[in-house]
Structures are given as structure tokens and as C-alpha cells.
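Below, each chain spelled out in residue letters.
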Amino acid sequence: MPSDAEAASRRRVQALSAHVAGSNAADASQGAPDPRVRLTPGGGPGSLTVIDNRTGSRYEIPVREGGYVPASAFKAITAGGDGGGLRVFDPGYVNTAPCKSKICFIDGDKGILRYRGYPIEELAEKSSYLETAFALVYGDLPDAPQLREWEQTIMRHSALPVPVIAALEALPHDAHPMGVILAGLNALSTFHPEQNPALQGGNVYRSHAQQDKQIVRIIGKMTTLAAHAYHRNTGRTPAPPNQKLGYAENFLYMLDAGLDPNHKPNSKLAKAMDVMFLLHAEHEMNCSTAAARHLASSGVDVYSAVAGAVGALYGPLHGGANEAVLKMLSRIGTVENIPRFLEGVKNKKEKMFGFGHRVYKNFDPRASVIRNVAEEVFELVGRDPLIDVAIALEKAARQDEYFVKRNLYPNVDFYSGLVYRALGFPPEFFTVLFAVPRAAGYLAHWRESLTDPDVKIMRPQQIYQGVWLRSYPTIDSRPPCRGEDRMWNVAPSNASRRRLAGETVEMAASHYHGYDGGETSGLANRLASVHLDAGQAQRLSSPAFSAGVVAGDATSGVDALTGVTGK
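Description of the structure in this document. Quick caveat, the model's predicted, so the values are computed rather than measured.

**A word on a nonpolar patch on the surface**
Together, Tyr 464, Val 467, Trp 468 and Leu 469 make up an exposed nonpolar region whose accessible area comes to about 570 Å². Mapped onto the elements, Trp 468 comes out in the loop between α19 (430-450) and α20 (494-501).

**Concerning unusual backbone geometry**
With a phi angle near 50°, Tyr 93 is a residue other than glycine that sits in the positive phi range. Residue position: Tyr 93 is located in the loop between β2 (58-63) and β3 (104-107). Overall, Tyr 93 belongs to the partly exposed group, its relative accessible area being 49%. Phi is positive for Glu 284, close to 60°, though the residue is something other than glycine. Considering the arrangement of structural elements, one finds Glu 284 in the loop between α10 (267-279) and α11 (287-296).

**A look at the pattern of salt bridges**
Evaluated as defined, the whole model comprises 19 salt bridges. Notably, a salt bridge pairs Asp 452 with Arg 293, separated by 3.9 Å at the nearest N-O pair. Within this pair, whereas Asp 452 is found in the loop between α19 and α20, its partner Arg 293 is found in helix α11, the two being separated by 159 residues in sequence. The burial state of Asp 452 is the same as that of Arg 293; both residues are buried. Connected through salt bridges with shared partners, the residues Arg 293, Glu 448 and Asp 452 form a single ionic network.

**Here's the deal with the packing of helix α15 (residues 365-381) against helix α18 (residues 413-422)**
Between α15 and α18, whose axes approach to 9 Å, the crossing angle comes to 20°. Accordingly, the angle class assigned to the pair α15 and α18 is roughly parallel. Like other packed secondary-structure pairs, α15 and α18 cross with a definite hand, here left-handed. Contacts between α15 and α18 involve Ala 367, Ile 370, Arg 371, Val 373, Ala 374, Val 377, Phe 378 and Val 381 from the former and Tyr 415, Ser 416, Leu 418, Val 419 and Ala 422 from the latter.

**Re the sheet that holds strand β4 (residues 112-115)**
Here 3 strands make up an open sheet; going across it, the order is β3-β4-β5 and the pairing antiparallel. Both edges of this open sheet fall to β3 and β5 (118-119), since each of them pairs with a single strand only. Where β4 lies against β5, 2 bridges are found, and the strand directions are antiparallel. Each residue of the ladder has a partner; that of Tyr 115, found in β5, is Tyr 118.

**Thoughts on the nonpolar core**
Core analysis: the largest hydrophobic core is formed by 118 residues, its most contacted members being Leu 393 and Phe 425. It is α19 that contributes the most residues to this core, 12 residues altogether. Contact partners of Leu 393, with chain neighbours within four places excluded, come to Met 328, Leu 329, Ile 332, Ile 338, Phe 341, Leu 342, Met 352, Phe 355 and Phe 414.

**Looking at the side chain of Thr 431**
Residue position: Thr 431 is located in helix α19. In terms of polar contacts, Thr 431 uses its side chain to reach the backbone carbonyl oxygen of Gly 319, at 3.3 Å. Apart from residues lying up to four places away in sequence, Thr 431 is in contact with Met 178, Leu 313, Tyr 314, Gly 319 and Gly 320.

**Observations regarding the packing of aromatic side chains**
The geometry of an aromatic ring pair is captured by the separation of the ring centres together with the interplanar angle, meaning the angle of the planes. Across all of its chains, the model carries 16 aromatic pairs by this definition. Note on Tyr 230 and Phe 425: the rings are 6.1 Å apart at their centroids and 85° apart in plane angle, and the pair reads as edge-to-face. Placement of the pair is Tyr 230 in helix α8 (residues 208-234) and Phe 425 in the loop between α18 and α19, with a sequence separation of 195 residues. Judged on exposure class, the residue Tyr 230 and its partner Phe 425 are both buried. Taken together, the ring pairs connect Tyr 129, Tyr 230, Tyr 247, Phe 251, Phe 277, Phe 425 and Phe 429 into an aromatic cluster. Over the face of the ring belonging to Tyr 402 we find Arg 406, whose NZ or CZ atom lies 3.7 Å from the ring centre.

Parameters at a glance
Residues numbered from 1 in each chain as written. Predicted model: local features only at pLDDT ≥ 70, side-chain atom pairs only at ≥ 80, totals over all residues. Heavy atoms only, no water. Patch = residues over 30% accessible without salt bridge, like charges linked within 9 Å, V, L, I, M, F, W, Y side chains within 5 Å. Areas by Shrake-Rupley, 256 points an atom, 1.4 Å probe, with all protein chains shown as cover. Salt bridge = Lys/Arg side-chain N within 4 Å of Asp/Glu carboxyl O. Helix = DSSP H or I, 4+ residues; strand = E, 2+ residues; numbered from the N terminus. Buried < 20%, exposed > 50% of the residue type's maximum accessible area, 1.4 Å probe, protein only. Axes fitted to C-alpha atoms, helices over the stretch in contact; angles between N-to-C directions. Parallel < 35°, antiparallel > 145°, perpendicular 65-115°, else oblique. Left-handed = near helix turned anticlockwise from the far one by under 90°. Contact = heavy atoms within 4.5 Å. Pairing = 2+ DSSP bridges. Core = buried A, V, L, I, M, F, W, Y, C linked by side-chain atoms within 4.5 Å. Polar contact = N/O pair within 3.5 Å; in protein donor to acceptor, adjacent residues only side chain to side chain. Phe/Tyr/Trp six-rings, centres within 6.5 Å; stacked < 30°, edge-to-face > 60°. Lys NZ or Arg CZ within 6 Å of the ring centre and 35° of its normal.

Structure, rendered in C-alpha cells:
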């Protein structure tokens, strides 16, 4: 039976061998290349010769060092018509690079993820979230004095301004936790006018000190915002931040200490939380990181840029996948139901979450680490029966030709939801646990963009396919707007129905008079030409829903009575 040290050593060798293999694809007959040196991306610089078969014209398109083609080069290819050059149509930016970056590298075919060149498996085993965050932001791992100063500075900036707390406490008790985080980030931007480019000018972030101040503020306050988001739903108040504790440890302290300043979170659970934070800290040009860089290109303040990125993460297609995995596993229920579920997936009757990835066509390296974290957490808090379903589902899928042929392997979301549930977090809080650590990645990209010589305000092109030209018709000559693009019925609230129930035609007409001496508008115009008998008038003053209010605008009850229809 191998010792823990031997097992750890074996895992480390396996992980590093994958990374070496990813850098060692050259022909062996040419000698083994240095694994520390990257093979030439895309085959190296050169050019493409493009012949436009529409015109016979020939164009030379440069291939830059780094293996990319400048999209603007295609604008030179014209073929009459409106005289415009070619554009590249790429929905979802599947093969579009909006920036050059040194922060994160992914090889999806080989299952490789590196932060600043460091393999994610090695960081998860040896590093901490804050140490890794330093490397993401500044480019290298810190030495001991730098790490100590970094950790202390971040914890010193973990408290929220009292008015920000008041703003969060004014939100509904059942507000989604991500909505609370967004409200907090936007509120914070108003409390630091000295860093706002809209107030201080576009060069304010040229100051290294100004950059650093915002970075430590945001990383420091993310866990505190998360603790308030958590307890907005519980009705309790989180404990104030404890600056003497580690980052993940302080997060658990704020959740659980209550009024006990001597509370001490379990160190193993705090370590597990820290590893989860590290694994989610950065992931190259994903949807929310792209949103952060997109917003930053306008020169907006960093709080707004991070808030916009968190807003993108809020979407269930990006940050909510682990919750979907949990619901899927619960629906499967037991190991015995897996074959039937997999058949349902193949027949398009079921959808399998947590398998496959937009980037990874191999095993997501983070998934293996999280699986080990899950086992450690279960040893402390009890084994979640769904973990056995998850392990069996993974095994069955990886042995099934249907899934193997489609390169469907577990991703980071497959096991993370189980870990979070075991740690006592409700499913709607899972995305918050994604947003907290990803702030480091957003800030790294924000800081990199500030000194990017190629940066421009992001303004993508479009392919226009609408109506080319029309004359403006008078309102009386227009046909009704038809089809799916028209405004659909907006159901009135019960409060609107209550207000309508108390109005007669005369009251409603006077209610909608204009402010220009008595001319009517809106409802009054429609009512002015209507003559009601006594029965209709009596019915109009009865409750609106009994007068014919259906899904529609707040006057549809009146229309139903009078037979008036909008033009």
C-alpha cells in the first residue's frame, strides 16, 4: 500500500508528464525539445495567398508571430457591390482572439491548464488561493516577504463601508445571492471617487499605486460581499471579517461565527475551500472575462468592469452549470438508473450536464483535483450518496463509445456542486463561490489591458440583414405591427386591476387628460368617442377582472367593455 507521500508524488509525475507531452510533440528523430520552450504556435509567421474567385484578384494576408491572422487584413478584399471589404463572421467568438495575454494557457485537446506557466495540478497541491492570485495579477509567484505583505494587505481591506452594508440589507430577503454581489460591487464603485476615470480622467489608472489599491480592495471584499449575500437569505448578520485568519478561513468564519469572536473554522474544510477558490481563479478568455476586458476597453472604473463580468457569470450557461449537474444526479437517483439515463442522453431525451466543454476535448484537469477534494470533505462532513452516482456515471460514460467518440469528459462543474452541497451551501449560492475567486482573474486581465499597446475600445462589426430603406408613414396610414416582433400582451398587476376597478369612464378620461389645457391623449382619446349605456357604465365600475381584463395593457378591461380596439 503506497504512502500518502508516494501517492502524491505519483499524481505529480502524472500531471507533469501530461504538460511535458503537451510541449513535446516534435518528431523524436529531431531530438527531444526542451519542455520549457513552447513549440511555435500555428506554425510560425509567414503569409497566406488568397485568390478571390469572384474577381480573380490575389491578396497576401500576413500571418503574425504567434500564429494568428489580423482580421483587418481581410478588409482589403473587395469585389464591387457596396465597396466594403470582407468581414469575419464568428458567432460566439469561436476562433477570434480579441487580445494577446500572458496570464493563462489552455490546451483543450491535451487537458492542460496553466496559470502564468504553472500547471494547475501543481498549484492546487502546493500553493494557496492568494499566492496564486498574486501570480495571476503580477506575473510570478511572490517570495516570502511579498506573500506576507500581499495577504496582510488584502485582509486589511476586507471590511465593507457601512452604507454599502445598509444598501445590501435594503434588498429583499429572498434576493438571489448574485444580485446582492452585483449590488455591492456597484455600490463600492461610488465610494472610491479618487479612482474613477469618469471623475479623475482617463489616466488615473496609470498610477501603479492606484491599480494596486483597487485590486486589494476588490479581492479583499469579495468574500465579505459573499457572506452578506449568504445571510441576506438567512435573516442573520455575518460576523465582521477577521483579519488574523486566512482568506478562505475568514470566509467560513464570517458565515458561521455569529457573535462568537473565538469561533475557529475547521482547518481542513478551509483548505478544501481554498483549493476550490484556486481552481476557479482564472480560465482564459471565457464569457465573463471577455466581458471584463470589453468593459475595461471603454475606460470604465474597475468596479464596474468586474461587476459586468460577474453579471455575465450570473448566466446559467456560464456560472450555473454545477447546479444543473446536481439536479441531474438527483434525478438519476441511484447507480442502477445510470444505463437508462445514458440511453436517454443518446436518444436526445435527456441532457447530461458536467460533461464536455467548449475548450476541453479531453479530461478537464480541474475535475480530477475536485474529485479528490470531494473525498476529503466527505470524510469530515459525511459522504453524499450522490458522489457514488457521479463516480459511476463518469466511469460508464468514459467506457461508452458514444461519449468517447464525442470527447465528452467530466468538466470542473461535475464534482464542484457536490463539494459545495457537502459544505452546506444552497444551489443558488454556487455561482457566488465561482465569482469570489474569479475576481483575481478579472483583475489580472484588467491590469494587463491597461498596458496593452494593441488595446482599442471594443466595437465588433455586424452583418446587417434588416430592411434597407423605408419612408416614415403617418400613424393613421400604418398597418398594425404583425408577427413575432410586435409587443406581446403585458398582463396588468393586481394593483392595476384594483385601480381600474375604482374608475368610471369619466374618471378615467379626466385621469388621462394632457397638461396642455384639456386636450385628451391615450385612453382619453379612445374614451371620448365612446357612448356607454347604463349597464356598460355600471359594469365598468365593477372589478376590472370581471369586466374583461385579460393579459394586456392596464386599459384592456375598458377596451373589452367598449369594443374599442387600438389602431
